[in-house]
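Each chain, written out:
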Amino acid sequence: MKKKKILIIAFLIFIIIITFLLCAQIRLKGKTVITLNYDEVYEEPGYSSLFKVKVTNNIKNNKVGKYKVTYKNFLFKKNRTVEIVDEVKPVITLIDDNVTILLNEEYKEPGYKAQDEYDGDLTDKVEIISGLKNNQVGTYKITYKVTDSSKNSTKISRVVNVVNTLYKDEYESIDNNMAGWYTSNKQDGNRPRENEIKKYKDQNVYFLGPDKKVIYLTFDEGGNITYVKEIVDILNKHNIDATFFFSRNYISNNPDLMKKIINSGHSIGNHTVNHLSMPSLATKDKFDSYYSELKETEIAFMQATGKPMEKLFRYPMGEYSNRTMNIMKSMGYKSIFWSVAYKDWDADYNKEYSLNNMKKQLHNGAIYLIHPKCRGNYEALEDFINYATDLGYKFDLVKNI
């Protein structure tokens, strides 16, 4: 009888121990292996236990790898695996995905950049596969491929057209008589020549912004003696975006400034290589030069900044023709003229002169043409910004017209 009692007591103790151990167990909710994308925040799925559990983890959600979340009480310990992965493909940016060259012309790489969210700049990892035959008229592809450290791959192709001539026969039937753009420099707050420019509305040509209290500041520069840097600082101080039109050499000579300008939110457009009259080059025998004026500037910008140039164009000396407008549109460009201009291409003009002209020509949707080489423009700019702002004007980029 005594032995039987001992067995019963022992059995009861066993049951109590088993129950205790079961209650002390740590039970994980959700999956024991969780996969998260790079930079995704880990959210604890939860657990259950009758006893206090200490949870620790070493997860770095900004670094690819396998991590453990540890759950521990006074008796038991469990782990959950969290794997941080990068499933985002890198991005390859081409300065131009459709290039045309002449038969037997040497192909010049316009430029490209590869960027990955996790690995950063992968440009030097890009593999180029070329099927180009520049000695044979036709359409070819150059393929660019890059793979990041997580084995995500991206491919993109550039089309290269090999032609006998860059000049299109359709251009020949379009009037190429040179015209010089000017504003009537009205000082009564009216929008100059508004009715005259309506005929260009389908040509990607802009002389004015909408009839609203918005101003578009644009700056043309190609020389080395200039106040561009100081002007950028003033614009940034007031959180105002503006558009700059630069020549190739100015871009190539100032790569750090180019990066600063675009990283500050401003736009940079094409002002050609040699500042020539474009209608003079819009002929069959000179069209190679026309094309080079634009493309060489684009390439210089890509080399300086690693980014493609925006398709914004300012005609040197404001000289244009119906043919050049058509050509620029076919190349994907917006041609940007102006509705406010004054004699400011000489460095000797003073602040009072510049400020007076900026104020008296103010009107809704005004596109200002300003030359940074003029010290008066630089010295007057901040006062003009304050003046226009007090009148309720805002500032915007011409690409947003």
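This structure is a prediction, so every number in the text was calculated from the model and none was measured.

Overview of a nonpolar patch on the surface
For step 1, the next point in the chain: A contiguous nonpolar surface patch, about 350 Å² in accessible area, is contributed by F14, I15, I18 and L22.
For step 2, the next point in the chain: Here I15 lies in helix α1 (residues 2-24).
For step 3, the next point in the chain: Residue I15 is classed as partly exposed on the basis of its relative accessible area, which comes to 37%.

So, the packing of helix α2 (residues 228-237) against helix α4 (residues 255-263)
For step 1, the next point in the chain: Packing of α2 against α4 leaves a shortest axis separation of 11 Å and a crossing angle of 20°. Relative to α4, α2 is oriented roughly parallel. Here α2 and α4 pass one another in a crossing that is left-handed. Every residue of α4 that contacts α2 at V228, K229, V232, D233 and N236 is listed here: L257, K260 and I261.

Here we look at the sheet that holds strand β5 (residues 65-72)
For step 1, the next point in the chain: The four strands are arranged β2-β6-β5-β4 in an open sheet whose pairing can be described as mixed. The open sheet has two free edges, formed respectively by β2 (33-37) and β4 (54-57), since each of these has just one partner strand. When strand polarity is set aside, the average angle formed by the axes of neighbouring strands in this sheet is 20°.

So, the pairing of strand β12 (residues 138-147)
For step 1, the next point in the chain: As judged from the four bridges shared by strand β11 (residues 127-130) and β12, these two strands associate in the antiparallel manner. Along β12, the bridge assignment pairs I128 with Y144.
For step 2, the next point in the chain: Bridge count between β12 and strand β13 (residues 153-163): ten bridges; the pairing is antiparallel. Across the sheet, residue T139 finds its bridge partner in β13, namely N161.
For step 3, the next point in the chain: Hairpin connection of β12 to β13: five residues between the antiparallel strands, including K151 at a positive phi of 70°.

With respect to the nonpolar core
For step 1, the next point in the chain: One finds L217, L235, F244, Y368 and F384 to be the most contacted residues of the largest nonpolar core, which totals 38 residues.
For step 2, the next point in the chain: Not counting residues within four places of it along the chain, the set of residues in contact with Y368 comprises I215, Y216, L217, T218, V340, M358, Q361, L362 and F384.
For step 3, the next point in the chain: By size, the runner-up hydrophobic cluster in this structure holds 37 residues, among which are Y167, I197, F287 and Y320.

A short note on the packing of helix α7 (residues 351-360) against helix α8 (residues 375-390)
For step 1, the next point in the chain: Axis separation between α7 and α8 bottoms out at 8 Å; the angle between their running directions is 40°. Classified by the angle their axes make, α7 and α8 are oblique. Crossing of α7 over α8 shows right-handed handedness. For the pair α7 and α8, the contacting residues are K351, S354, L355, M358 and K359 in the first and G376, N377, E379, A380, D383, F384 and Y387 in the second.
For step 2, the next point in the chain: Considered class by class, the residues forming the contact of α7 with α8 number five nonpolar, three polar and four charged.

What about the side chain of D344?
For step 1, the next point in the chain: In this fold, D344 is placed in the loop between β21 (334-336) and α7.
For step 2, the next point in the chain: Within the buried core, D344 has no salt-bridge partner, and the shortest N-O distance to an opposite charge, that of R314, equals 9.4 Å.
For step 3, the next point in the chain: Of note is the side chain of D344, whose polar atom sits 2.9 Å from the side chain of N377.
For step 4, the next point in the chain: Setting aside chain neighbours within four positions, we find D344 in contact with Y349, L369, I370, H371, C374 and N377.

A look at the pattern of salt bridges
For step 1, the next point in the chain: This model, assessed by the stated rule, comprises 14 salt bridges.
For step 2, the next point in the chain: With a shortest N-O distance of 2.7 Å, D233 and K260 are connected by a salt bridge. Within this pair, whereas D233 is found in helix α2, its partner K260 is found in helix α4, the two being separated by 27 residues in sequence.
For step 3, the next point in the chain: Among the charged side chains, a salt-bridge network with shared partners connects D96, K295, E298 and K311.

Digging into the sheet that holds strand β9 (residues 112-116)
For step 1, the next point in the chain: The strand order β7-β9-β10 describes an open sheet built from three strands, whose pairing is antiparallel. Strands at the two margins of the open sheet, each flanked by one partner only, are β7 (91-94) and β10 (120-121).

Some details on the packing of aromatic side chains
For step 1, the next point in the chain: Counted by the stated rule, this structure contains 26 aromatic pairs.
For step 2, the next point in the chain: Between F207 and F337, the ring centres sit 4.7 Å apart and the planes meet at 20°, which makes this aromatic pair stacked. Taken together, the residues F207 in the loop between β15 (205-206) and β16 (214-221) and F337 in the loop between β21 and α7 connect sequence positions 130 residues apart.
For step 3, the next point in the chain: Ring centres of F287 and Y290 lie 5.3 Å apart, and the angle between their planes is 15°; this geometry places the pair in the stacked category. In this pair, F287 and Y290 both sit in helix α5 (residues 287-305), three residues apart, roughly one turn of the helix. Assigned by exposure class, F287 and Y290 land together as buried.
For step 4, the next point in the chain: Taken together through their ring pairs, the aromatic side chains of W181, Y200, F207, F313, Y315, Y320, Y333, F337 and W338 make up a single cluster.
For step 5, the next point in the chain: Across the ring face of Y182, the terminal group of R193 is positioned such that the distance to the ring centre comes to 4.0 Å.
For step 6, the next point in the chain: For the cation-ring pair, K359 lies above Y387, with the distance from its terminal atom to the ring centre recorded as 4.7 Å.

With respect to unusual backbone geometry
For step 1, the next point in the chain: We note that D39 has phi near 75°; this positive angle belongs to a residue other than glycine.
For step 2, the next point in the chain: Along the polypeptide, D39 turns up in the loop between β2 and β3 (47-48).
For step 3, the next point in the chain: In this model, T272 sits at a positive phi of 70°, which is unusual for a non-glycine residue.
For step 4, the next point in the chain: Relative to the helices and strands, T272 is located in the loop between β18 (267-270) and α5.
For step 5, the next point in the chain: A residue is classified by how much of its surface remains accessible, and T272, at 0% relative accessible area, is buried.

Reading the values: the criteria
Along every chain, residues carry numbers that run from 1 in the direction the sequence is written. Two thresholds apply to this predicted model, a pLDDT of at least 70 for residue-level local features and 80 or more for giving and counting side-chain atom pairs, whereas whole-chain, interface and lining totals are computed over all residues. Hydrogens and waters are ignored; side-chain quantities use all the structure's heavy atoms. Like-charged residues within 9 Å of one another, or nonpolar side chains (Val, Leu, Ile, Met, Phe, Trp, Tyr) within 5 Å, are grouped into patches, provided each residue has over 30% relative accessible area and no salt bridge. Every accessible area reported is derived by Shrake-Rupley at a probe size of 1.4 Å, with residue values counting cover from the shown protein chains alone. Whenever a carboxyl oxygen of Asp or Glu lies within 4 Å of a side-chain nitrogen of Lys or Arg, that contact is scored as a salt bridge. Here a strand is any run of E in DSSP of at least two residues, a helix any run of H or I of at least four, and the numbering for each starts at the N terminus. Relative accessibility thresholds used throughout: buried, under 20% of the residue-type maximum; exposed, over 50%; partly exposed, between the two (1.4 Å probe, protein chains only). Axis geometry follows a simple rule: fit a line to the C-alpha atoms, using only the stretch in contact for helices, then measure angles between N-to-C directions, giving values from 0 to 180 degrees. Any angle that is under 35 degrees is reported as roughly parallel, and any over 145 degrees as roughly antiparallel; angles of 65 to 115 degrees are reported as roughly perpendicular and all others as oblique. The hand of a helix crossing depends on one turn: near helix anticlockwise from the far one by less than a right angle means left-handed, and clockwise means right-handed. A contact between two residues is defined here by any heavy atoms of the two lying within 4.5 Å. At least two bridges found by DSSP between two strands is the condition for calling them paired. Remark: nonpolar core denotes a set of buried residues (Ala, Val, Leu, Ile, Met, Phe, Trp, Tyr, Cys) joined through side-chain atoms within 4.5 Å. In this classification, the charged set is Asp, Glu, Lys and Arg, the nonpolar set is Ala, Val, Leu, Ile, Met, Phe, Trp, Tyr, Cys and Pro, and all remaining amino acids, among them Gly, are polar. Counted as positive: Lys and Arg. Counted as negative: Asp and Glu, with His and the chain ends omitted from the count. We define a polar contact as two N or O atoms separated by no more than 3.5 Å, with the added condition that, inside protein, one atom must be a possible hydrogen donor and the other a possible acceptor, whereas residues neighbouring each other in sequence contribute only through side-chain atom pairs. Centres within 6.5 Å are what make two rings of Phe, Tyr or Trp a pair, Trp counting through its six-membered ring; a difference in plane orientation under 30 degrees is then read as stacked, over 60 as edge-to-face, and the rest as tilted. By definition, being over a ring means that NZ of Lys or CZ of Arg is both within 6 Å of the ring centre and within 35 degrees of the ring normal.

Coordinates in, geometry out; function isn't part of it.
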